[in-house]
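Structural description and commentary
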Amino acid sequence: MLNKIYDWVDERLDITPIWRDIADHEVPEHVNPAHHFSAFVYCFGGLTFFVTVIQILSGMFLTMYYVPDIENAWKSVYYLQNEVAFGEIVRGMHHWGASLVIVMMFLHTLRVFFTGSYKKPRELNWIVGVLIFCVMLGLGFTGYLLPWDMKALFATKVGIQIAASVPFIGELIKILLAGDATIIGAQTLTRFFAIHVFFLPAGLLALLAAHFIMIRRQGISGPL
Amino acid sequence: MHKGKGMKFVGDSRVQEKNNKSVYPPDYSEYPGKTEPFWPDFLLKEWMVGAVFLVGYLILTVAHPSPLEGQADPTNTGYIPMPDWYFLFLYQLLKYEYASGPYNTIGAIVVPAIAIGALMLAPFLDRGPERKPLKRPLPVAFMLLALASMVYLTWESVVNHDWAAAKKQGQIVKEVEIDQEDPGYKVYAKQSCINCHGDKLQGGAGPNLTNTGLSPDEIAKIAHEGKGGMPPGQYKGSDEDLQKLAKFISELKAE
């Protein structure tokens, strides 16, 4: 049955080459932990992506309850945490996933650095990777404000002060982030929400696509 | 004769090379090893690694519920801010004399920009063909130095943070309904208590008086003798009124 559907679609769209590009390739011995246990360091990138997928899924479920408004943001998180079935688990996964994704991404960066895998011809993929790192830090920073609790507000105040100290454009960055020259409040919360769930994830997905296409095009770097 | 699947690649990548004079490392086919198809053999192993990782992740989630502090109160001026742990090294850097105040640009912009810039440009700064860490001592040494600084700064930040105060300042305070007609509240308002502890006993100069967990006798004793920053002899009324006051305060509990 499934084969028939596949053949029906393939006859019209010729999808087999696409499938080959995605899945049909050889994995060399030096990255396979089944052959060399130390090759587990090559798992960090994949695990980063795994946590990223969990972040996207858990985040989608969180927005079913979360209200990006200073009156209700904290209350909606409190409700989600204490009243909603499995709300504590979903929020817990998003909370801990935010830390794990930074840890795994950091380890992945170190693996690529210490194996010298960023060298020619893979310079572009390294740059895209560093951009992904920056986007992830941005997601961490904007997500920290959203529960609208005490630590969120005051950490954001400090963060925006730091952004405002950039020479020449600091004030503009501050107004762009906070929505106002002096107040950290309702506008800031809605902007951080928009940045956290629309702008940065869109950028992240585009960068991840570029990252993966380049890996498939170039293959993984050879053994040392 | 072409190598690999009859093609010549750029270095060890899958991009085909335009001329045949390769100066880059050889491709996979030159390493006699046990290559394995990605689908389905290797993917299954990746899923097993993912499953083990997920178990650890879920244990962390159920063992440590994600924290939620009290609702944001912009009027609170005493709150000591704390970023998430992965920004702690930056937070600590900004506490040092030559990275803060008039030198703020150094700590907030120059140092992070150099770090991110050097990381981003690593392939162009480290251009040699060598990949083994020991054969490119400078890039490796700089990375280890950066790592050590980050670990040190994070450590300094953690040991210098007052975790007990941080826990207390963020606690969720459940609002307790105050019956302003209660005879105890009338004594509270008439005496000087209200000046320091607030009209809803929410605290001010003195601490919050709801959910104290104290017995009426203990409260009466504090009213006479003071406690902490509260001087003795604050209560100047009859013993009968003090009974009402103490009973009123000791019964203020959130459900």
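Conventions used here
Every residue gets a number counted from 1 within its own chain, in the order that chain's sequence is written. Whichever chain is written first is A, and whichever ligand is written first is 1; the rest continue in order. For a predicted model such as this one, the threshold for reporting local features is a pLDDT of at least 70, and the threshold for listing and counting side-chain atom pairs is 80 or more; totals across whole chains, interfaces and linings nevertheless cover every residue. Numbering of helices and strands runs from the N terminus, with a helix taken as a DSSP run of H or I at least four residues long and a strand as a DSSP run of E at least two residues long. Comment: burial labels come from other C-beta atoms within 10 Å of the residue's own C-beta, placed from the backbone, where a count of 20 or more is buried, 12 or fewer is exposed, and between is partly exposed. Here the contact rule is simple: place C-beta atoms from the backbone, and any two residues whose C-beta atoms are within 7 Å are in contact.

Moving on to the overall build of chain B. Counting its regular elements, chain B contains 10 helices and one strand. If you list the helices and strands of chain B from N to C, you get β-α-α-α-α-α-α-α-α-α-α. With 255 residues in all, chain B has 16% of them scored as buried. In chain B, the share of contacts with a sequence separation of at least 24, taken over all contacts with a separation of at least 6, comes to 52%.

Within chain A, the regular secondary structure consists of nine helices and one strand. Each helix and strand of chain A, ordered N terminal to C terminal, gives the series α-α-β-α-α-α-α-α-α-α. In terms of overall dimensions, chain A has C-alpha extents of about 55 × 50 × 35 Å along its principal axes. Expressed as a percentage of the 224 residues in chain A, the buried residues total 38%. Considering only residue pairs separated by 6 or more positions, chain A has 65% of its internal contacts joining residues 24 or more positions apart.

The next subject is unusual backbone geometry. For the bond from K120(A) to P121(A), the omega torsion is 10 degrees, close enough to zero to count as cis. Along the polypeptide, P121(A) turns up in the loop between helix 5 (87-114) and helix 6 (123-145). Going from W39(B) to P40(B), the amide bond is cis rather than trans, its omega being -5 degrees. Along the polypeptide, P40(B) turns up in helix 1 (residues 38-63). In this model, F168(A) sits at a positive phi of 70 degrees, which is unusual for a non-glycine residue. Among the structural elements, F168(A) can be located in the loop between helix 7 (150-164) and helix 8 (170-178).

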